[in-house]
Each structure stands twice: as structure tokens, then as C-alpha cells.
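# Structural overview for review
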Amino acid sequence: MADLTVFERACESLEELTQLSRLEARGTMRIALKEAGLDPASVRAAELSVVAGRVLPDELAARGVADAVSICERLRGRLSEIQDSAGGETPEAVFARLGGA
Amino acid sequence: MELLMVGSIVLCALVGTLVGLKLLMLATRSHKFPELAIGVTLVSYAALSQPAVLAQQALGEEASLGLRFGLFVLGILSLYVSLVALSLFTWQVFGAESRWRQALVAGVAVTALICTGLFIRATWLRLTANAPMPLYGQLGMTPHYVLTFGWMSVESLRYYARMRRRQALGLADPVVANRFLVWGAGEGVATLVVLVLLVVTVAQGQMLVDDPFVSGCVTLAGLVNALVWWLTFTPPAAYLRWVQGSAAQGATDG
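Residues numbered from 1 in each chain as written. Chains lettered and ligands numbered in written order. Predicted model: local features only at pLDDT ≥ 70, side-chain atom pairs only at ≥ 80, totals over all residues. Heavy atoms only, no water.

Okay, the packing of aromatic side chains next. Residue and element names in this part refer to chain B. One pass over the full model with this rule turns up 15 aromatic pairs over all chains. Consider the rings of Phe94 and Phe180, whose centres lie 6.3 Å apart with planes at 70°: the pair is edge-to-face. Separated by 86 residues along the polypeptide, Phe94 in helix α3 (residues 65-95) and Phe180 in helix α7 (residues 174-204) bring together distant segments of the chain. In terms of burial, Phe94 and Phe180 fall into one category: buried. Between Tyr159 and Phe180 the ring centres are 4.8 Å apart and the planes differ by 35°, which places this aromatic pair in the tilted class. Highlighted residues: Tyr159 in helix α6 (residues 142-168) and Phe180 in helix α7, separated in sequence by 21 residues. Phe180 carries the same exposure label as Tyr159, and that label is buried. (Phe/Tyr/Trp six-rings, centres within 6.5 Å; stacked < 30°, edge-to-face > 60°. Helix = DSSP H or I, 4+ residues; strand = E, 2+ residues; numbered from the N terminus. Buried < 20%, exposed > 50% of the residue type's maximum accessible area, 1.4 Å probe, protein only.)

Written out as C-alpha cells, the structure is:
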């Protein structure tokens, strides 16, 4: 469990909170992340929480999931308990440092 | 036209050297590879290769054979180091674990080294035995530059598109997002300029150094490089304010 990425843990939670299969939950989450310009391999819990609040409800509703907003709020609650594991350096972090931001 | 070209090379060399040294100083503090790679790219190109080209032009035929050849070798080896360092930077920043990127860097490094060796040999034969310069000698590492600049441009602009989507959700700094745009667009212009030079060289069978069109391309590349390096790595406060203001305005309008 400790080795799971934030993305994988979020997908497991989504699967538990909905009637979606594992494959459907992962696919929906991937689409939401792509929509937000984020990468499943490097996404952080705080970023996923924003996606769960602003992008995921529409994606779930589009797949016929009832009460999508409430489910996403519960998912955000679970995400707030996740500690980010130290991942690799993102291009964003490199360019921020190189330009002195 | 020649004065303008020399001016753009001098400007490019000055800006590139200052920005490159700043990045190398950052690398000594952070101990991170990307700043080391891009610092080496800029310093070897701007502080070594470009001054060597200018010195060759200034000295002309009057300088000794040894000095002319020495400057040529310094210039071409610095270009090689710059090219490989830029490839390493792109690989490390945009996908250090990606197999195809690793293969691309290795391919560029090995084939560019072979081309450099052939170019040096052909130039030596031209200087000492007045042998005609073959087309591969005229081209040097130009195809490698097209590939490397193009690759860097595509990676940066792709990442910029992702940063724009994050920005809409408040998940990205507009200043950093703009940095990907400037870097990617600048590399895109550089790719086009070098590609045009490559096509002209192949079509004519030789590099027309004195041709006004070629001089114009070199001038444009120098000016674009200087602007891109300045805005990406040492952006002035007024520019940063403008980027932040534009992003805030866009968020309000959107």
C-alpha cells in the first residue's frame, strides 16, 4: 500500500465510492487528469484534489454516476489524508528554478 | 549586412555567456544536472564557438595555418559539446526514464561526433592540400542541430499546452508556463532557420557564407537566441509583471 502512487490510491478510492470497475475508475481519472494537463505518474495529492473538485464531477456525470459532486467531495476528503511520496523532478520545477522563480 | 550579422553574433555571444555563467553558478549551488547541462550548452556555444568564428573572420587569410585551423577546431568542438549538452538537457528535463529519448541522445552524440571528425579532416585537407570541401563537410552538424532544436521545441510547446490547462485550474504559475512558450517558440524559430540553411546548402552544393540570404538567417538566429535566453533564464522584472498581468487579465475575461 505504501508503494502506491497518489494516482493509484485515488483510483482505488473512486472505485470504492462508485459502481465503476477498476478499469473504468482508472480511465475516468486519467481523462480528468489529461483535461487538467497533469501526469498520473507525477501528480500530487493537492493537485488531484483540485481536479476532483473541478473536473472529475463532470466526467463522472457523463458516465452516468449519480451524485457525482458528493462522491468527489468524499474523494477529496480521502486525498487530504494522503502524504505525497517524493517523486522525480518535473519539467515545471526545473524551468521554475532556471528562471529564478 | 555583414556588420549586422557580426553585431548579432556579438550580441548572442555576450548574452549567451552571461546567462550561461549564471546557470553554471546555479548548478554549483543546486548540484542539479539540468542547470549544468544548459549552462554548458550556452557557455560552449556563446563563449567559445562564436568568438572562434568571429576571430577566424577577423584574422582572415593572413593568419598562420596553425592558428586558423586551431580556431576552427575550437569552434567546431565547442559546437559539438553544446549540441550534446542541449540533447542531455532535453532528455533529463522531459523524460529521464524514457528509452526513446535515451536512444535519441546517444544517436545524436555518436553521429555528430563522426560528422565533426569528418568535417575537421575535410577542412584540414582543404587548408593544406587545397582539396575541395565535400558536401558532408559543408553540412557538418547542421542536420543534428535541426533534429535537436526541433525535438526541444516540440517537447517545450507540448508541455506549454499542458501548463495552460493547469493554469485554468490555478495549478500552474503563469510565469513558468510562459517560459515553456518562449523557449519552445525560440527553438522552433532556430529549427526553421537551420533547416533553411541545410536546404540551401544541399541545393547549392556548398555553404554560401557571403550570400545575403544566408547572412540574414544567421543574423536572425543570433537575435532570436539572445532574446530567448534573456527572457527564459534572466527575465527582467517588467517582463514578469507583463506576463502576470496578462494571465490575470485572461483569467478575468475567461
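Moving on: the environment of Asp253 of chain B. All names here are of chain B. Looking at where Asp253 falls in the secondary structure, it is placed in helix α9 (residues 237-253). A relative accessible area of 58% means that Asp253 is categorised as exposed. Spatially, the C-alpha atom of Asp253 lies 40 Å from that of Gly216, the residues being 37 residues apart in sequence.

Between chain A and chain B, the contact holds 22 residues from the first and 28 residues from the second. Summing both partners gives a buried area of about 2,100 Å² for chain A against chain B, and 64% of it is carried by carbon and sulfur. The largest contributions to the chain A side of the interface with chain B come from Glu92, Phe95 and Leu98 of chain A, which together make up 35% of the buried area. Where chain A meets chain B, there are three salt bridges. A salt bridge links Arg97 of chain A to Glu35 of chain B, with the shortest nitrogen-to-oxygen separation between them at 2.6 Å. One can count nine residue pairs in polar contact (both at pLDDT 80 or more) joining chain A with chain B. Those elements giving two or more residues to the side of chain A that touches chain B turn out to be α2 (22-35), α3 (45-54) and α6 (91-98) of chain A. Of the residues forming the side of chain A that touches chain B, the biggest block, seven residues, is contributed by α6 of chain A. (Contact = heavy atoms within 4.5 Å. Buried area = accessible area lost by both parts, 1.4 Å probe. Salt bridge = Lys/Arg side-chain N within 4 Å of Asp/Glu carboxyl O. Polar contact = N/O pair within 3.5 Å; in protein donor to acceptor, adjacent residues only side chain to side chain.)

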